[in-house]
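This is what each chain is made of:
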Amino acid sequence: MRTRIAISLISSATIVLTIAAAHAAEVGFDQAAKLYHQGQWQRAATAFAACAETAPDQKKRIEAHFYLGESLLQLEKYSKAREHYRLVLKHPAGKPYLLRALFRIGEASWLAGDLSSGEQLLTQFVYNFPHEPLAAQATAYLREIAQQEPSQLPLASKEPPAEASEEKILDEAAGLQREGQHDAALAAYRELFAQHRHGKIHAEALRRAARLHAQLSQFSESSQLYLEFRAKYPDSVHTAEVIAAQAWLDVQTGDFASAETKFQILHENFSQSAQALEATYWLALAAADKKDSTLASTYVDWLLDILSQAPSAERTDKKAKKQANKLWEQTLLLKCQLDATENRWQEVLERLTQVGEKFEQGPRKTRAYFWLAEASYRSWLVEDKTQSRQFKEALSNFDRLAEQTAKQNTEIEEPWTAIIPLRRAQLRSRRQQWTEVLKLLKNVEHDFPDFPQQHEVDYLRGRAYAGRGEMPRARIAYGRVLDNPQAKETETAAVAQWMIGDTFFHQNDFPRARQAYQKVIDRHDQPQWQARAALQAGKCLEREHNWPAARAHYSKALDKWQGSTSESQLQTRLNWANRQTTRQR
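The model shown is predicted, which means the values in this text are computed figures rather than measured ones. (Residues numbered from 1 in each chain as written. Predicted model: local features only at pLDDT ≥ 70, side-chain atom pairs only at ≥ 80, totals over all residues. Heavy atoms only, no water.)

A. Just the overall build of the chain, in detail. Looking only at helices and strands, the chain features 29 helices and 0 strands. In the chain, the proportion of contacts linking residues at least 24 apart, taken out of those at least 6 apart, comes to 55%. Of the roughly 30900 Å² of accessible surface on the chain, a fraction of 50% belongs to carbon and sulfur atoms. (Helix = DSSP H or I, 4+ residues; strand = E, 2+ residues; numbered from the N terminus. Contact = heavy atoms within 4.5 Å. Areas by Shrake-Rupley, 256 points an atom, 1.4 Å probe, with all protein chains shown as cover.)

B. Quick peek at the environment of Arg-514. Checked against the element boundaries, Arg-514 lands in helix 26 (residues 510-523). Separated by 25 residues in the primary sequence, Arg-514 and Lys-539 have C-alpha atoms spaced 8.8 Å apart. With residues up to four places along the chain from it excluded, the contact list for Arg-514 reads Ala-537, Cys-540, Leu-541 and Glu-544.

C. The packing of aromatic side chains, seen in detail. Under the definition given, this model contains 25 aromatic pairs. With a centroid separation of 6.3 Å and an interplanar angle of 75°, the aromatic rings of Phe-29 and Tyr-67 are classed as edge-to-face. In this pair, Phe-29 sits in helix 1 (residues 2-37) while Tyr-67 sits in helix 3 (residues 58-74), placing the two residues 38 residues apart along the sequence. On the numbers, 5.9 Å between centres and 55° between planes, the contact of Trp-498 with Tyr-517 is tilted. Pair noted here: Trp-498 is in helix 25 (residues 491-506) and Tyr-517 is in helix 26, with a separation of 19 residues, a long-range link. (Phe/Tyr/Trp six-rings, centres within 6.5 Å; stacked < 30°, edge-to-face > 60°.)

D. Layout of the packing of helix 23 (residues 454-467) against helix 25. For the pair helix 23 and helix 25, interaxial distance at closest approach is 10 Å and the crossing angle is 25°. Looking at the two axes, helix 23 sits roughly parallel to helix 25. Considering how the two elements wind past one another, helix 23 and helix 25 form a crossing that is left-handed. In contact with His-455, Glu-456, Tyr-459 and Arg-463 of helix 23, helix 25 contributes Thr-492, Val-495, Ala-496 and Met-499. When the residues that make up the contact of helix 23 with helix 25 are grouped by side-chain class, the tally is 4 nonpolar, 2 polar and 2 charged. (Axes fitted to C-alpha atoms, helices over the stretch in contact; angles between N-to-C directions. Parallel < 35°, antiparallel > 145°, perpendicular 65-115°, else oblique. Left-handed = near helix turned anticlockwise from the far one by under 90°. Nonpolar A, V, L, I, M, F, W, Y, C, P; charged D, E, K, R; others polar.)

E. Here's a closer look at the pattern of salt bridges. This model, assessed by the stated rule, comprises 28 salt bridges. Put simply, Arg-364 and Glu-329 hold a salt bridge, and the shortest N to O gap is 2.7 Å. You can see Arg-364 sitting in helix 18 (residues 363-383) and its partner Glu-329 sitting in helix 16 (residues 318-341), a full 35 residues away along the chain. Classification of Arg-364 by relative accessible area gives partly exposed; the value is 29%. (Salt bridge = Lys/Arg side-chain N within 4 Å of Asp/Glu carboxyl O. Buried < 20%, exposed > 50% of the residue type's maximum accessible area, 1.4 Å probe, protein only.)

F. How the structure looks around helix 24 (residues 471-483). In a regular helix each residue adds 1.5 Å, so 13 residues correspond to 18 Å; helix 24 covers 18 Å between its end C-alpha atoms and thus fits that length. When we look at burial in helix 24, the residues that qualify are Met-471, Ala-474, Arg-475, Ala-477, Tyr-478, Gly-479 and Val-481. Residues of helix 24 that are buried in the fold lie against helix 23 and helix 25. (Expected span 1.5 Å × (residues − 1).)

G. Just the packing of helix 21 (residues 434-441) against helix 23, in detail. Taken N-terminus to C-terminus, the directions of helix 21 and helix 23 make an angle of 150°; their axes are 9 Å apart at the nearest point. As the angle between them shows, helix 21 and helix 23 are arranged roughly antiparallel. Crossing geometry of helix 21 relative to helix 23 is assigned as left-handed. Residue-level contacts link Trp-434, Val-437, Leu-438 and Leu-441 of helix 21 to Val-457, Leu-460, Arg-461, Arg-463, Ala-464, Tyr-465 and Gly-467 of helix 23. Here the contact of helix 21 with helix 23 is composed, by residue class, of 8 nonpolar, 1 polar and 2 charged.

On their own, these measurements won't tell you what the molecule is for.
See the structure below:
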């Protein structure tokens with residue numbers, strides 16, 4: 001019981017002392033404010049300084065620092081006043097005084113005799129906060145500054161400006177930047193720039209301020225600072241980094257030609273820098289977009305050669321290694337894309353078979369598996385045998401890819417994902433697994449509404465329905481192919497029209513079959529399929545026992561499509577029709 005009482009007494013005492021301290025601090029602040037309003041600046045400054053040290057409330061301490069700065073400003077102790085204004089800017093609790101503190105720092109700089117710094121800070125204040133009431137006062141100061149000569153500065157006889165060192169200002173700016181006090185950080189950087197110094201610290205401030213402006217989407221300000229850096233420090237060890245930053249600013253603002261020029265400089269003149277790698281990859285992408293596969297391949301091969309070497313000293317840290325590996329994966333995928341454009345599928349297959357497992361788990365590895373599966377599919381198409389090793393590999397690769405994309409459906413949003421169900425269905429169609437084909441194609445249109453190869457899906461769906469004997473549904477699917485603008489003038493459209501004729505033919509509806517085949521001849525510029533359609537149309541006439549018409553039809557087709565794959569069959573059918581016509585006589 002005694003222990004509890006003791007604790008209770010201690011707690012009560014603590015509460016009482018805390019309340020008493022808070023009350024005392026409040027009284028002290030009120031007294032300081034009263035002295036300030038009475039114009040007793042020195043006594044007010046002493047009282048505010050005490051509050052800044054003893055107030056239990058952080059917000060009240062920061063408020064005390066602000067008014068201590070105000071008191072010192074009245075006492076014409078401008079350098080000390082600026083120190084307290086900067087303390088206000090550095091702390092989140094100083095937000096209510098942010099604009100006034102920024103203005104006061106510029107004002108105090110001018111009053112302290114630093115004409116250039118004051119002019120720059122006040123100009124920046126007006127630029128950033130044109131609608132604030134203090135902007136009018138800043139503008140008035142600027143007009144007065146413009147009329148003055150250095151010898152006429154109002155404080156030539158005041159205390160000599162005890163300027164904070166460049167290092168201190170740079171550290172303050174960096175601290176403000178880390179704390180998210182961006183306006184205050186930029187004000188500190190501007191104060192540093194206003195000293196018109198030249199050297200390592202000034203160069204570092206230029207880079208940091210430029211990066212901060214870019215982070216805040218203030219691209220023009222960022223660009224100006226980077227330009228100043230390159231003009232003043234052309235031989236800096238950070239030149240490559242700055243050129244890269246300028247290039248990415250150009251990309252963000254849509255000036256791709258300027259960005260390409262800077263990336264080219266990095267590739268040619270700073271090839272040993274880390275920035276040259278990213279720059280070269282961008283150049284490769286740009287060349288690929290322009291359909292210049294030769295130039296793109298040159299950049300890609302250069303990159304792969306560099307990235308395949310042992311990591312250099314500057315790339316030995318974990319973050320740099322991870323970035324280099326990411327770039328290697330991206331470059332290798334671009335190499336596969338370029339090879340695919342040139343139908344070099346065997347090269348894609350061999351390359352990914354060797355290095356595909358080196359990819360880190362994630363979307364890029366899944367994309368590598370796509371290129372591997374597509375390459376195995378294209379290699380199989382060359383021989384078109386369902387029992388071949390290539391067929392089995394293509395089927396296995398696409399089935400595995402389907403499982404991977406299903407697991408990563410929230411990470412992968414690329415056009416090639418729609419190819420997966422199409423390829424799986426195409427492979428199964430060669431084994432006439434029509435029910436499985438329809439199942440695979442069921443949701444393609446819903447899941448990929450903008451799929452440019454939807455006409456291929458509809459064609460394959462028509463094949464599956466026809467394979468199951470559902471001819472009306474097959475014709476509907478083939479009709480969708482013909483209605484799709486993407487299919488216009490493609491071989492798929494001609495085949496779909498031919499297959500419509502085939503569905504009627506198998507139903508012994510020879511007049512409508514012949515009409516459908518005739519549309520292939522009349523509407524599609526695909527000679528091989530036109531010749532096949534002519535052959536089938538002639539067979540329809542035979543089934544209708546119209547031998548003279550069949551003979552004339554075959555003769556005309558032979559004249560029109562000499563050298564087609566159907567030529568020998570057309571000649572055979574013509575001979576047969578001739579014999580039948582002779583018999584009928």
